[in-house]
Number of protein chains: 2
Amino acid sequence: MEESRQEGSGSMTTTDTMSGSEAQIRAIVQERVAALRERDADRLAAVYAPEIVMFGLAPPLQDTGPRVADPAYWRPWLESWTGPITLDVTGLDITTGGDVAFCHSLNRMRGTKAGGGHQDLWFRATLGLRKTGAGWKITHEHSSTPFYMDGSGRAATDLQPEASNA
Amino acid sequence: MEESRQEGSGSMTTTDTMSGSEAQIRAIVQERVAALRERDADRLAAVYAPEIVMFGLAPPLQDTGPRVADPAYWRPWLESWTGPITLDVTGLDITTGGDVAFCHSLNRMRGTKAGGGHQDLWFRATLGLRKTGAGWKITHEHSSTPFYMDGSGRAATDLQPEASNA
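On a predicted model such as this, the values are computed, not experimentally measured, just so you know.

A. Here's a closer look at the packing of aromatic side chains. Residue and element names in this part refer to chain A. A full pass over the atoms with the stated rule returns eight aromatic pairs over all chains. With a centroid separation of 5.6 Å and an interplanar angle of 10°, the aromatic rings of Tyr48 and Trp74 are classed as stacked. Here Tyr48 is found in strand β1 (residues 48-55), whereas its partner Trp74 is found in helix α3 (residues 71-78), with 26 residues between them in sequence. Take Tyr48 and Trp74: they sit in the same class, and that class is buried. Centroid distance Trp77 to Trp81: 5.7 Å. Interplanar angle 75°. Geometry classified as edge-to-face. Judged by its relative accessible area of 4%, Trp81 falls in the buried class.

B. Main features of the interface of chain A and chain B. Taken residue by residue, the interface counts 51 residues in chain A and 51 residues in chain B. Of the roughly 4,100 Å² buried at the junction of chain A and chain B (both faces included), carbon and sulfur atoms supply 68%. Taken together, the connections running from chain A to chain B amount to zero salt bridges. Remark: the boundary between chain A and chain B carries 16 residue pairs in polar contact (both at pLDDT 80 or more).

C. How the structure looks around the sheet that holds strand β3 (residues 86-97) of chain B. Residue and element names in this part refer to chain B. With mixed pairing, the six strands of this open sheet are ordered in space as β2-β1-β6-β5-β4-β3. Strands at the two margins of the open sheet, each flanked by one partner only, are β2 (63-64) and β3. With two bridges connecting them, strand β1 (residues 48-55) and β2 associate as antiparallel partners. Following the sheet pairing, Val53 is matched in β2 by Thr64. Sheet strands in contact with helix α1 (residues 20-38) are β1, β3, β4 (100-112), β5 (118-132) and β6 (135-144), and its direction is about 155° off that of β3.

D. Focus on the environment of Pro76 of chain A. Residues and elements named next belong to chain A. Locating Pro76 in the fold gives a position in helix α3. Judged by relative accessible area, which is 53%, Pro76 ranks as exposed. Put simply, Pro76 and Gly20 are 56 residues apart on the chain and 35 Å apart in space, counted from C-alpha to C-alpha.

E. Quick look at α1 of chain B. Residues and elements named next belong to chain B. Between its first and last C-alpha atoms α1 spans 27 Å; for 19 residues at 1.5 Å apiece the expected length is 27 Å, and the two agree. All of the buried residues along α1 are Ser21, Glu22, Ile25, Arg26, Ile28, Val29, Gln30, Arg32, Val33, Ala34, Ala35 and Leu36. Looking one or two places after α1, you find Arg39, whose phi comes out positive at around 50°.

F. Summary view of the sheet that holds strand β3 (residues 86-97) of chain A. Residues and elements named next belong to chain A. Strand order across the open sheet formed by six strands is β2-β1-β6-β5-β4-β3, with mixed pairing between neighbours. Whereas interior strands pair on both sides, the edge strands pair on one side only; in this sheet they are β2 (63-64) and β3. In this sheet, strand β6 (residues 135-144) lies alongside β1 in parallel orientation, the contact comprising four bridges. Counted as the bridge partner of Phe55 is His142 from β6. Against the sheet, helix α1 (residues 20-38) makes contact with β1, β3, β4 (100-112), β5 (118-132) and β6, and its axis sits at roughly 155° relative to β3, the strand it touches most.

G. Quick peek at the pairing of β5 of chain B. All names here are of chain B. Both β4 and β5 contribute to a ladder of 13 bridges, which runs antiparallel. The partner of Arg108 across the bridge, within β5, is Trp122. Hairpin connection, β4 to β5: the antiparallel pair is bridged by five residues, and Gly116 has positive phi, about 115°. Taken together, the nine bridges between β5 and β6 define a ladder with antiparallel strand orientation. Residue pairing for β6: Gly128 is matched across the bridge by His140. Where β5 hands over to β6, the hairpin turn is made up of two residues, counted between the paired strands.

H. Fine view of the relation of the copies chain A and chain B. With an RMSD of 0.0 Å, chain A superimposes on chain B once it is rotated by 180° and translated 0.0 Å along the axis. Both copies of the chain, as the preceding transformation shows, are related through a two-fold rotation axis.

I. Region of the structure containing unusual backbone geometry. Residues and elements named next belong to chain A. A cis amide bond links Pro59 to the next residue, Pro60, at an omega of 5°. Non-glycine residue Arg39 carries a positive phi angle of around 45°. Residue placement: Arg39 occurs in the loop between α1 and α2 (41-45). The partly exposed category is assigned to Arg39, whose relative accessible area is 31%.

J. Representation of the pattern of salt bridges within the structure. Residues and elements named next belong to chain A. Tallying each qualifying case throughout the model produces 16 salt bridges over all chains. Here Arg26 ties to Glu22 by a salt bridge, and the two come within 3.1 Å at their closest N and O atoms. Taken together, the residues Arg26 and Glu22, both in helix α1 and four residues apart, mark about one turn of the helix. On the accessibility criterion, Arg26 (5% relative accessible area) is buried. We note a salt bridge from Glu31 to Arg43, for which the minimum N-O separation is 2.8 Å. Here the residue Glu31 occupies a position in helix α1, and Arg43 occupies one in helix α2, the gap between them amounting to twelve residues. Under the relative-accessibility criterion, Glu31 is labelled partly exposed at 27%.

What counts as what
- Residues numbered from 1 in each chain as written.
- Chains lettered and ligands numbered in written order.
- Predicted model: local features only at pLDDT ≥ 70, side-chain atom pairs only at ≥ 80, totals over all residues.
- Heavy atoms only, no water.
- Phe/Tyr/Trp six-rings, centres within 6.5 Å; stacked < 30°, edge-to-face > 60°.
- Helix = DSSP H or I, 4+ residues; strand = E, 2+ residues; numbered from the N terminus.
- Buried < 20%, exposed > 50% of the residue type's maximum accessible area, 1.4 Å probe, protein only.
- Contact = heavy atoms within 4.5 Å.
- Buried area = accessible area lost by both parts, 1.4 Å probe.
- Salt bridge = Lys/Arg side-chain N within 4 Å of Asp/Glu carboxyl O.
- Polar contact = N/O pair within 3.5 Å; in protein donor to acceptor, adjacent residues only side chain to side chain.
- Pairing = 2+ DSSP bridges.
- Axes fitted to C-alpha atoms, helices over the stretch in contact; angles between N-to-C directions.
- Expected span 1.5 Å × (residues − 1).
- Least-squares fit on C-alpha atoms with pLDDT ≥ 70 in both.

Set out below in structure tokens:
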């Protein structure tokens, strides 16, 4: 549970602070953390609505449900890691309004790939959610790093949150 | 006005289709398009709330208001172009709930930089908005390209929307 409690760089801007909705959305974020740690495709897929529009870290520009909400979509990627995938969610900021919400955070993902390489990446994460008959579900996800506009075309995969934002 | 009407790749998933809120948010998106075309820093800054959290195309990981809501933040970048910045907003998908909304689209930005180079970039755009006393304002923006996970570290600045997503 500790990961999503690292609120150092975020301010609470909910319309109804620590409302039931916010607690439920925080639980969804935490469920994603647990699913990655356990590399459990069923748990991971279950947080998404069938209409999910995914802007992922890797190409293509977007991927859309219902296949993104299917465990089969996640299994190959989860199995490309040899142990737990550790996701630290920092500065989680949730905005809720009725049955609609969005949140954003700066996430750090760490683990070891089957190829042998240790991965350690900070990225930005935005989620859009809707309250459905089955509870809150993620209908939009946007994960990314920036890129260097110095002509190199390099993705900025070496960044960390700045002190000025902490 | 045509740019934001290119709905080919998006489905409408608003809770209240073409509601007043949705029309107002569509106007905000369009105002951003106009501000870029005119390279008008005052108009561009005015769409943001002082608490804006910006995940931009370029580093750092995030930039936060109120300075992002200040025209001075935008002026140097706008002045680095020699003519209109053309932003095509495609597949705009708006979800509204009370005084909270989020939307996403695939955007194409084109223009000529002062250095002489012609730019033409597809990227993913997500906006989070809140209804304030001054109308709807953008409180969160996330713009990005994916990056190639082939060990090259290259940003995927050469992508276009896929036919399968259209």
